[in-house]
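# Commentary on secondary and tertiary structure
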Amino acid sequence: MKKFLFGALCILLANACNQSTNMTNNPLLQEFNTPFQTPPFDLITAEHYKPAFIEAMKQHRAQIDAITNNPQAPTFENCIVPLDRSGLLLERVANIFFNLLEAERNDVLQSIAMEMMPLLSEHSDNITMNPQLFDKIKAVYEQREQLALNPLALRALQKFYNDFVRNGANLNPQDKAKMMEINAELATLSLQFGDNLIKETNAFQMVIDNVTDLAGLPQANITAAAEEAKAAGFEGKWLFTPKKPSWIPFLQYAQNRALRDQLYKGYYLRGDRNNENDNKALIQKMVNLRLEKANLLGYPTYASYVIANNMAATPQNVYDFLHRLWTPAIKVAKQELAAMQKIADREGANFKLELADWWYYAEKLRKEKYDLDESETRPYLQLEHIRDGMFYVANKLYGITFEKRTDIPLYHSDVETFEVKEADGTHLALFYLDYAVRPGKSAGAWCTGFRNYLKTEEAEILPLVSVVCNFPRPIDNNPVLLSWDETTTLFHEFGHALHGFFTRGDYRRIAGDIPHDMVELPSQIMENWAGEPQVLKAYAKHYQTGAVMPDALIQKIANSSLFNQGFMTVEYVAASLLDLDWYTLTDSFSGDVNAFEQTSMDKIGLIKEIIPRYRSTYFSHIFDGGYSAGYYVYRWAEVLDSDAFDAFKLSGDIYNQELAAKFRKYILAEGGYDDPMEQYKRFRGQAPSEESLLKKRGLK
Ligand SMILES: [Zn+2]
């Protein structure tokens, strides 16, 4: 999963507390005496979180009370500005805690989260549904034409007003109470969903003790499986799990068809085993609660509530967009299937390809048609070289530099840190990179932050940005070699990080605030650079010989970018449509989750050899990841990123600094300053077109 958490926690808010705590010894509540005031992870222990949350909520509440108790008439200065600055301590504590919960989850942190989530949700609701506060905001909002506010102040005011209305500020007291109940319940349910999923992922183990069952697998995957087995107490055997670095290579290469099927089931039946970790009942409750919430706010469906705030504006626009991709994609996927079946027939397989066969025969098709074998590219894709390559691209585009730091406290020894500097050497940000898969880490890769950009009258506080991945762990100090997919994932997350480094704004409410369906533009555009021949020449060097990736191999990567695009577009669009179908329900759902999913897929004609990229029971994005009714945003943003990268290509210079400066200004730094389409046009000079995406994917 590629997800984007940067700034997502900054609107977490606070409530009363009734617990006195020892504040003087709690490092979360002290000034951070560390370089760049980074979190002192060496001093923070689990017991510090709860009292810090309680104290931070108390302080936040006092700040809000100071606004509502002010006897003077409400003004932008005495209401909106202090509101914008409130809750900084809570944001600090929440950023640290929730980032560690994702990267270093254990039972202790999980139980703190379970205890704090309802309190945080209630605290947030107590602010967003505070009638005195809303009255003041509304009063300022209604005089906005007379206030002579500058455009940024006006936009911040509009955003705050809109937030409150969307959170139920205009509801009657009875409905407000109902809404708070729903929010608290949803917070707990989604946490439970994620916890079940981690337990399910860790519970499934496929232990192999017969070496012949490994036939076909590259040595690196065999070694990794042996290491996994050893760590899990199966020394001398090989362990495969439903985590992507384990199951995907197995499905690609293992000749044993029955075991491929067994492992894939281990992956796609997560949360759907009718055991104590089953997610189906939670899904039912969550879609119903979200529908109820949307109805309370006057929206017919949850999707219409969510999408109203996006560039797409309505669920129908999203359906139309996805169907425009679906039609050519399913056609191409069927062609891919036919080509793979031919290979199987030729090899005398004597069966029709099924679900767990796709990766295996796709790999053969790739070799046959594109002659590109992942084991050929991997030796050129050493993790450190890729990191240096993306730093190089950022330097060529924006002039920024990265200096390794060894004096920053870390939450795990896997993590490394870099100081990011402007071309003139001034400090810009601190960057954490946490690459390797670990047992307590959530799946996927994401970008987040320990501190957001903040501008006050006194100072400008620069961000602490972090990228977390699940790449293979180094074994015996050997270099880590990535797949092409992992390589582009790192560039992707780095794109989010650049957005974090560059974000500016006089108000927290608008700094970095771009709609959800544009958030993936900064990240996805970086994936384009990863595969450019010029860029590959700079970083793709053989881990043993240091030789630059040969032209022929670079050409193969370029050719293979069209490979399997039917499948990849289909599994993605299927999941996006499944998401929309869940959240465009207009009546309470009491049916069977799997039957709903099946109907949803039958409706669009999904072929039985493909399942959606995420089935409902492990669809974290939409049940515990903030992408409910929003999984479509990656492709929506791909229209933007394909079109934006085209601008660089068409200029004849992929490092065109003039264009990069515009991209930095209008999209990355000031993306939240105005209507997103207007900002885009300021960068590009015209509205985006879908053509580049369809061409890039070989669908047109
Ligand atoms: Zn992303």
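Residues numbered from 1 in each chain as written. Predicted model: local features only at pLDDT ≥ 70, side-chain atom pairs only at ≥ 80, totals over all residues. Heavy atoms only, no water.

### Description of the overall build of the protein chain
A count of helices and strands for the protein chain gives 27 helices and 10 strands. Its C-alpha radius of gyration of 25 Å places the protein chain within 12% of the 27 Å reference for a compact globule of 700 residues. If you line up the protein chain on its principal axes, its C-alpha atoms span 85 × 60 × 55 Å. Put simply, the protein chain has 700 residues, and 59% of those count as buried. Put simply, the protein chain has 73 plus and 90 minus side-chain charges, and the middle of one group is 3 Å from the middle of the other. (Helix = DSSP H or I, 4+ residues; strand = E, 2+ residues; numbered from the N terminus. Rg over C-alpha atoms; globule rule 2.2 N^0.38 Å. Buried < 20%, exposed > 50% of the residue type's maximum accessible area, 1.4 Å probe, protein only. Lys, Arg positive; Asp, Glu negative; His and termini not counted. Charge placed at Lys NZ, Arg CZ, Asp CG, Glu CD.)

### Quick look at the nonpolar core
Judged by nonpolar contacts, the single largest core of 169 residues is most densely connected at Phe431, Phe494, Phe501, Trp529 and Trp582. Residue contributions to this core peak at 14 residues, all from helix α13 (residues 315-346). Non-local contacts of Trp529, meaning those with residues more than four positions away in its chain, are made with Val393, Leu397, Val535, Phe645, Phe648, Ile654 and Tyr655. Grouped together as the second largest cluster of nonpolar side chains are 37 residues, Leu90, Ala103, Ala187 and Leu464 included. (Core = buried A, V, L, I, M, F, W, Y, C linked by side-chain atoms within 4.5 Å. Contact = heavy atoms within 4.5 Å.)

### Considering the coordination of the zinc ion
Geometry sets the ideal angles at a metal, namely 109.5 degrees for four tetrahedral donors and 90 or 180 degrees for six octahedral donors. For the zinc ion, every protein donor is listed as His492 (NE2), His496 (NE2) and Glu520 (OE), and the spread of their distances is 2.1 Å. Of note, the zinc ion draws all its donor residues from one chain, in the sequence arrangement H-x3-H-x23-E. Taken as a pair, His492 and His496 lie in helix α17 (residues 484-502) at a separation of four residues, close to a single helical turn. According to the relative accessible area criterion, His492 is buried, its value standing at 0%. (Donors = N, O, S within 2.8 Å, 3.2 Å for Na, K, Ca; no water.)

### A short note on unusual backbone geometry
One non-glycine residue, Ala313, lies in the positive phi region at around 75°. In this structure, Ala313 sits in the loop between α12 (302-307) and α13. Overall, the relative accessible area of 38% leaves Ala313 in the partly exposed class. Of note in the backbone geometry, Asn477 takes a positive phi value of approximately 60° without being a glycine. Take Asn477: it is sitting in the loop between β10 (464-471) and α17.

### Brief notes about helix α10 (residues 257-268)
Counted at 1.5 Å a residue, the expected span for α10 with its 12 residues is 16 Å, and the 16 Å between its end C-alpha atoms agrees. Looking at α10, one finds that the buried residues are Leu259, Arg260, Leu263, Tyr264, Gly266, Tyr267 and Tyr268. Taken together, the buried residues of α10 touch β2 (206-208), β3 (238-240), α9 (244-253) and α14 (358-370). The backbone nitrogen of Ala258 lies 3.1 Å from a side-chain oxygen of the residue at the head of α10, namely Asn256. (Expected span 1.5 Å × (residues − 1). Polar contact = N/O pair within 3.5 Å; in protein donor to acceptor, adjacent residues only side chain to side chain.)

### Some remarks on the packing of aromatic side chains
Inspection of the entire model under this criterion finds 57 aromatic pairs. On the basis of an interplanar angle of 70° and a centroid distance of 5.3 Å, the ring pair of Phe41 and Phe450 is categorised as edge-to-face. Here the residue Phe41 occupies a position in the loop between β1 (2-4) and α1 (49-68), and Phe450 occupies one in strand β7 (residues 445-451), the gap between them amounting to 409 residues. Each member of the pair, Phe41 as well as Phe450, is classed as buried. Both rings, one in Tyr614 and one in Tyr631, keep their centres 5.9 Å apart while their planes meet at 90°; by these two values the pair is edge-to-face. Taken together, the residues Tyr614 in the loop between α22 (593-604) and α23 (620-624) and Tyr631 in the loop between α23 and α24 (633-650) connect sequence positions 17 residues apart. Given a relative accessible area of 6%, Tyr614 falls into the buried group. Judged by relative accessible area, Tyr631 falls into the buried class, the value being 3%. (Phe/Tyr/Trp six-rings, centres within 6.5 Å; stacked < 30°, edge-to-face > 60°.)

Interpretation note: all reported values are geometric properties and have no functional meaning in isolation.
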